[in-house]
Amino acid sequence: MTEDAFFARLFARLPAPGDAWVVPPGDDCAALAHGGELLLLAVDQIVGGKHYYLTGPHETPPEAAGRKLLARNLSDVAAMGGVPTACLLAGAFGPGRDTGWLERFYDGII
């Protein structure tokens with residue numbers, strides 16, 4: 001199943017978006033009417049081993065992986081004509097990622 005087909009099936013099961021949704025989830029960003037403006041909501045992830053190298057001679061520095069995570073989401077906001085004011089990120093890391101690696105990853109975001 002393709003990503004688009006999966007999301008089409010998923011969104012068909014959800015309640016219809018309220019009037020506040022200008023652009024429902026599924027585009028680069030969802031757009032929500034908020035206080036006379038549009039609030040753009042983006043969440044895009046990176047996956048170790050797919051979007052960055054976990055090991056080997058070309059292992060991606062944690063700072064570069066963090067920067068890529070933020071850049072993917074900022075790009076989606078920019079594609080919708082938005083100006084970022086804050087970010088909300090989510091991550092899932094394997095047990096091999098120690099505190100030092102995670103701090104360096106965060107350094108790439110800030």
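Structure shown above.
Caption draft 1: Representation of the overall build of the protein within the structure. Each helix and strand counted, the protein has three helices and three strands in total. For the protein, the N- to C-terminal ordering of α and β elements is α-β-β-β-α-α. The C-alpha atoms of the protein give a radius of gyration of 17 Å, which is well past the 13 Å a tight globule of 110 residues would have. Counting only C-alpha atoms and orienting by the principal axes, one finds that the protein spans roughly 50 × 35 × 20 Å. Across the 110 residues of the protein, 16% fall into the buried class.

Caption draft 2: Region of the structure containing the sheet that holds strand β2 (residues 30–34). Within the open sheet, the three strands sit side by side as β1-β2-β3. Their pairing is antiparallel. Each end of this open sheet is capped by a strand with a single partner; those strands are β1 (21–23) and β3 (37–41). Here the strands of the sheet are splayed against their neighbours by 35° on average, with no regard to which way each runs. Sheet analysis places β1 next to β2, joined by two bridges and oriented antiparallel. Paired with Trp-21 across the strands is Leu-32, a residue of β2.

Caption draft 3: Spotlight on the pairing of β3. Sheet topology note: the β2/β3 ladder contains five bridges and is antiparallel. When the bridges of β3 are listed, Leu-32 appears paired with Leu-39.

Caption draft 4: Highlighting the pattern of salt bridges. According to the stated counting rule, one finds two salt bridges in the structure shown. The closest approach of N and O atoms between Asp-44 and Arg-72, which form a salt bridge, is 3.1 Å. Linking Asp-44 in the loop between β3 and α2 (62–79) with Arg-72 in helix α2, this pair joins segments that are 28 residues apart in sequence. With a shortest N-O distance of 2.8 Å, Glu-63 and Arg-104 are connected by a salt bridge. Linking Glu-63 in helix α2 with Arg-104 in helix α3 (residues 99–109), this pair joins segments that are 41 residues apart in sequence. A relative accessible area of 24% means that Glu-63 is categorised as partly exposed. Taking the relative accessible area as the measure of exposure, Arg-104 reaches 37% and is therefore partly exposed.

The rules behind these values
Residues numbered from 1 in each chain as written. Predicted model: local features only at pLDDT ≥ 70, side-chain atom pairs only at ≥ 80, totals over all residues. Heavy atoms only, no water. Helix = DSSP H or I, 4+ residues; strand = E, 2+ residues; numbered from the N terminus. Rg over C-alpha atoms; globule rule 2.2 N^0.38 Å. Buried < 20%, exposed > 50% of the residue type's maximum accessible area, 1.4 Å probe, protein only. Pairing = 2+ DSSP bridges. Axes fitted to C-alpha atoms, helices over the stretch in contact; angles between N-to-C directions. Salt bridge = Lys/Arg side-chain N within 4 Å of Asp/Glu carboxyl O.

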